[in-house]
Number of protein chains: 2
Amino acid sequence: MSQDFFAAHQATLNNALDAIAKRGFWTPYPEAPSGRIYGETAAADGEAAFKARLDKPFALNQPATKAMVGAEVSPFGFALGITYPSPDIDGLMAAAKAALPAWRRAGPQGRAGVCLEILHRLNRRSFEIAQAVQHTTGQAFIMAFQAGGPHAQDRGLEAVAYGYRAMTEVPPHAHWEKPQGKADPLRMDKDYHIVGQGVALMIGCSTFPTWNGYPGLFASLVTGNAVVVKPHPGAILPLAITVEIAREVLAEAGLPEDLVLLAADTAEAPLAKDLALRPEIKIIDFTGSSAFGTWLEQNARQARTYAEKAGVNFIVIDSVDDIKAVTRNLAFSLSLYSGQMCTTPQNIFVPRGGIKAGDAHLSFDEVAGAIAGAVAKFNADPERAVEVLGAVQSQATCDRLDQARSLGKVLLESRTLTHPAFPQARVRTPLMLTADAKDASAFTQELFGPISFVIAADSGEAALELATATAKQHGALTASVYSTDPAFLAKAEDLCIDAGVALSENLTGGVFVNQSAAFSDYHGSGANPAANASLCDSAFVAERFRVVQVRRHSA
Amino acid sequence: MSQDFFAAHQATLNNALDAIAKRGFWTPYPEAPSGRIYGETAAADGEAAFKARLDKPFALNQPATKAMVGAEVSPFGFALGITYPSPDIDGLMAAAKAALPAWRRAGPQGRAGVCLEILHRLNRRSFEIAQAVQHTTGQAFIMAFQAGGPHAQDRGLEAVAYGYRAMTEVPPHAHWEKPQGKADPLRMDKDYHIVGQGVALMIGCSTFPTWNGYPGLFASLVTGNAVVVKPHPGAILPLAITVEIAREVLAEAGLPEDLVLLAADTAEAPLAKDLALRPEIKIIDFTGSSAFGTWLEQNARQARTYAEKAGVNFIVIDSVDDIKAVTRNLAFSLSLYSGQMCTTPQNIFVPRGGIKAGDAHLSFDEVAGAIAGAVAKFNADPERAVEVLGAVQSQATCDRLDQARSLGKVLLESRTLTHPAFPQARVRTPLMLTADAKDASAFTQELFGPISFVIAADSGEAALELATATAKQHGALTASVYSTDPAFLAKAEDLCIDAGVALSENLTGGVFVNQSAAFSDYHGSGANPAANASLCDSAFVAERFRVVQVRRHSA
């Protein structure tokens, strides 16, 4: 049955394998929330399905449930009222371990078939998942659909492709024949068995539960591991639906459903540490705070942890052709999902003496003012603004925002907007501050949320050096540099490569530094403290399985 | 210049890439120590080169030397009298770091070319290296030539091939073109840069300095790292020659010689811990004791450690066709290099009630007696025996041997032999003990050296279960099972796969359980405590480098 799924999706897998070899544009999952693509009733069906989930227990027929828990509140202003199974950990581990032998025997094709079918069904359910993502993360609907649906599915498929390629690069059998001069050669037949590491733990985050969660989930699954999904207590629903679909596909394939298990918890009684320290857990995928990521690395020594943590992303403006094209691009980047993306820029460095802009010279204040003006204009109309800003996921981010204004001179005040459809939504426009390069302590920490600095640096080169040194010390996922000088760009490339931070140059069109496209952009390099792995490359999958050989004389 | 080396060896690399895809028999480095292959004077030249090294400083023109150290004594009975540079660690790290940018710019082809040229020159020097390996490890000459020369070079080349494949699976550039309905597509050009992790540390062992050392050395080098080679103080010379050749090739390629550096130390003032804890060190390759391997994993947290540690290898004899063919095979396995291979079997389980052997039944005592008799006969003639036994590398192994006889009932006494050519050589024949499965504490630890147990088990199945449970808890690199029953072999396969131990079935011909052939046998699985990595697979190389991307709008 899992082989049927493989046959059904083999063309998709082949295209994905081609895409990871070339890393150009490709996706099998359309990002447009369009009835023509997903079915005319898909939007309404998705919303109805979401509403039907509210105010009741989420029925997941899984073992070892100790209690039903859940306290999700939509950042748009209402309680979801859903409860989910919270496990007895001993029982959960026993169930996951018992499922492993059948999963190993399913083989790379059988496992890939199941993963591809799960992704296919997730895709068909993108409208429902979009509602779930919107009302847990606070993303505006279109973003919740795209980033939480098709783009997350892309990242999952990308992980399946890397895992499948890595496994199938190991031949299942070999014939070894060693010449012995005039005597008969020595002849051996060998089998190479792919074996998962055991049980994997995927710890979800509150802002991108599916986009950041699917790579680890699918990378572990396809390589032969069982996966316990431990969502952030504030964003359980998108992953609960994912687990439900995964279990449904596994059952149809005649495989143990317990290869994918949900472990819901609450902020008051978190389970992540207890789960992470279990000897059965051999792989951990985590997106979240540096403190907890480092705790996992230090303490869950029996497991390999793939962690995306905090970072301080930066922009350096050295010189531009057209300042309006630059500020338009930046206004979107700084506003998108209220700066709650791990790829959002925080520190914008501008030479103290100003910059060349086309034929003109702009002072530092003029550049700062132009950016702030563009951000203000972008968010001037609340009805339009909320469709980009979304809502702020956590009250802690609003508190951080309120406290941040003391860290510099206010360049642009954050405003509280009223969402036309959700009057209780937690909506804030970006806060912008100015600072001086010498006040590095103010801006060399991650200030998660819609908070950014325009920083006066001694020069463009000094800005590059400070920014990349900060990236090496505190981490960064993205860098963006504006310069009309090829030598400056070359220097930026060298320093960013050394700091392990992905660089975008002179973004002025419809591509934004916070966007990372599956199959093409490596999200995180693993080469600075912001992440110890990349989504997604061979290193992300290679150690999720082992090879065990059996050999004998040839008959 | 490094590109010239690439061109010169491209066919070899292509063959190696084909070999790792198929994992059949292949080698470019002939294992026969033959004048027709290596040149009629090669043997004499190698011996002369070795003798010319004795009793003087080893001239390595490398920076940051603090002292010259060295106290190697040949297990065949004479002091080498060679001293080697022992570093000022700050200076060594600075030199290695300074060499990195040029190495990154050399690119995958440039680095592969250099590695292939180093291996080619090592191959041409196999007779000299054989002398160096013999008189540090105690291996008999032929084994020192094969395992220390061509087979080690094979393992190095295998690592180069895996590293090269992993790097070149990342396209250097991509064009990304995203459709925008009727509008122009979004177009981006992207570069993907391969960046090594930094400085790697390769910690050599005393028994197989090149065979166990080359995989890590070449895997780190080809992927863009500098490598500090820290040999075991008892086996420096083979790796010093290796470093010398590597530096010579790098210089000829116009690259910094300091990409490969020697760090010699002494047993009294070891450097491994100080080196391992340096922040510059991002990768550690280690072969040796479980205690130190675990110390590295626990303490050198800034680095990824690839460790081969101790294990308890086993044989289960359930039933045989021809007991003589079995005992002949075992006699060689137990005698080869006096049991000082990490792959040598230690525990031989036999059902308490005896076994079926062809049409006959053999009691436990008859099976044990047949094995012991074959080992005794194999080593009866000292002149012939020493060519397989070699010498015992360390006095500690002789002490262990002397103490081990209290752990069971002596089945075959160890004898001290006089080497005809080296009367001072430390030569011991295997000690064999019998034990009962219930006395597991005696045999579930590694007793490195020519020490083995024939253990009475309740049944073949009980033996399998005890042996694989021991492997899961204490580690094992090899398992060997004899059975004429396909169901028993199937059970053995399942249990060995679960325990992560490589299984050989019914070895009776010219292949021995302790032999692991590059390009075909995975040495270690990484799936039990004997090793956390395999020599060599994709996982062994995938995390030695990172990918950093740069993107811009297409022109």
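These numbers were taken from a predicted model, which means no experiment stands behind them.

Q: Even after reading the chapter, I still don't get the domain arrangement of chain A, so can you show me in this structure?
A: All names here are of chain A. For chain A, the domain assignment lists domain 1 (2-21 + 53-169 + 197-310) and domain 2 (314-505). Summarising the inter-unit geometry, the C-alpha centres of domain 1 and domain 2 are found 33 Å apart. If you look at the interface, domain 1 gives 18 residues, while domain 2 gives 21 residues. Buried area between domain 1 and domain 2, both sides added, is near 1500 Å², and the carbon and sulfur share of it is 64%.

Q: Would you mind going over the nonpolar core with me for this structure?
A: Where a protein is soluble and globular, its nonpolar side chains tend to be buried together. One finds Phe-218, Ile-284 and Ile-317 of chain A together with Phe-218, Ile-284 and Ile-317 of chain B to be the most contacted residues of the largest nonpolar core, which totals 301 residues. With 31 residues, the next largest nonpolar core counts Phe-349, Leu-447, Ile-455 and Ala-479 of chain A among its residues.

Q: I tried to follow the pairing of strand 11 (residues 304-308) of chain B on my own but got confused; where do I start?
A: Note on strand geometry: in a regular strand, side chains alternate between the two faces of the sheet. All names here are of chain B. Of all five residues making up strand 11, five are buried, and the element is well covered by its neighbours. In this sheet, strand 11 lies alongside strand 10 (residues 281-287) in parallel orientation, the contact comprising five bridges. Its bridge partner lying in strand 11, Phe-286 is registered against Ala-307.

Q: How do you make sense of unusual backbone geometry when you look at a structure like this?
A: Omega for the peptide link from Leu-535 of chain A to Cys-536 of chain A comes to 10°, which places this bond in the cis form. Tracing the backbone through its elements, the reader meets Cys-536 of chain A in the loop between strand 23 (502-505) and helix 19 (538-542). Even without a glycine there, the phi angle at Asp-55 of chain B is positive, about 60°. Along the polypeptide, Asp-55 of chain B turns up in the loop between helix 3 (42-53) and strand 1 (65-69). A positive phi angle, close to 70°, is found at Phe-519 of chain B, a residue other than glycine.

Q: Where do I start with the environment of Val-388 of chain B in this structure?
A: All names here are of chain B. With respect to the secondary-structure elements, Val-388 resides in helix 15 (residues 382-389). Assessed through its relative accessible area of 15%, Val-388 is described here as buried. For the pair Val-388 and Ile-142, spaced 246 residues apart in sequence, the C-alpha separation works out to 8.6 Å. Apart from the residues lying within four places of it in its own chain, the contact partners of Val-388 are Ala-140, Phe-332, Ser-335, Leu-336, Tyr-337 and Phe-378.

Q: I keep staring at the sheet that holds strand 9 (residues 260-262) of chain B and nothing clicks. Help me out?
A: Hydrogen bonding along the main chain pairs the strands of a sheet, whether they run parallel or antiparallel. Residues and elements named next belong to chain B. Spatially, 9-8-7-10-11 is the arrangement adopted by the five strands of the open sheet, whose pairing is parallel. The open sheet is flanked by strand 9 and strand 11, the only strands paired with a single partner. Neighbour-to-neighbour, the strand axes of the sheet open up by a mean angle of 15°, direction not taken into account. The sheet contacts of helix 10 (residues 237-252) involve strand 7 (199-203), strand 8 (226-230) and strand 9, and relative to strand 9 the element is tilted by about 150°.

Q: For this particular structure, what's the right way to read the interface of chain B and chain A?
A: Often, the extent of an interface is quoted as the loss of accessible area on bringing the components together. With 69 residues of chain B in contact, the opposing surface of chain A contributes 69 residues. Taking both partners together, chain B and chain A bury about 5800 Å²; carbon and sulfur atoms supply 50% of that area. Summed over the three residues of chain B that lose the most area to chain A, namely Phe-25, Ile-497 and Arg-551 of chain B, the buried surface amounts to 13% of that side. In this assembly, chain B and chain A are joined by 16 salt bridges. In this structure, Lys-190 of chain B engages Asp-521 of chain A in a salt bridge whose closest nitrogen and oxygen atoms are separated by 2.7 Å. Taken together, the links from chain B to chain A amount to 52 residue pairs in polar contact (both at pLDDT 80 or more). When contributions to the side of chain B that touches chain A are tallied by element, the ones reaching two or more residues are helix 1 (2-22), strand 5 (173-180), strand 6 (183-196), helix 12 (290-299), helix 19 (486-499), strand 23 (502-505), helix 20 (538-542) and strand 24 (545-553) of chain B. Considering every element that reaches the side of chain B that touches chain A, the biggest residue donor is strand 24 of chain B, with eight residues. Its residues assigned to classes, the side of chain B that touches chain A comprises 30 nonpolar, 19 polar and 20 charged. Across three bridges, the pairing between strand 24 (residues 545-553) of chain A and strand 23 of chain B is parallel.

So, how was this worked out
- Residues numbered from 1 in each chain as written.
- Chains lettered and ligands numbered in written order.
- Predicted model: local features only at pLDDT ≥ 70, side-chain atom pairs only at ≥ 80, totals over all residues.
- Heavy atoms only, no water.
- Domains from an automatic or database assignment.
- Contact = heavy atoms within 4.5 Å.
- Buried area = accessible area lost by both parts, 1.4 Å probe.
- Core = buried A, V, L, I, M, F, W, Y, C linked by side-chain atoms within 4.5 Å.
- Buried < 20%, exposed > 50% of the residue type's maximum accessible area, 1.4 Å probe, protein only.
- Helix = DSSP H or I, 4+ residues; strand = E, 2+ residues; numbered from the N terminus.
- Pairing = 2+ DSSP bridges.
- Axes fitted to C-alpha atoms, helices over the stretch in contact; angles between N-to-C directions.
- Salt bridge = Lys/Arg side-chain N within 4 Å of Asp/Glu carboxyl O.
- Polar contact = N/O pair within 3.5 Å; in protein donor to acceptor, adjacent residues only side chain to side chain.
- Nonpolar A, V, L, I, M, F, W, Y, C, P; charged D, E, K, R; others polar.

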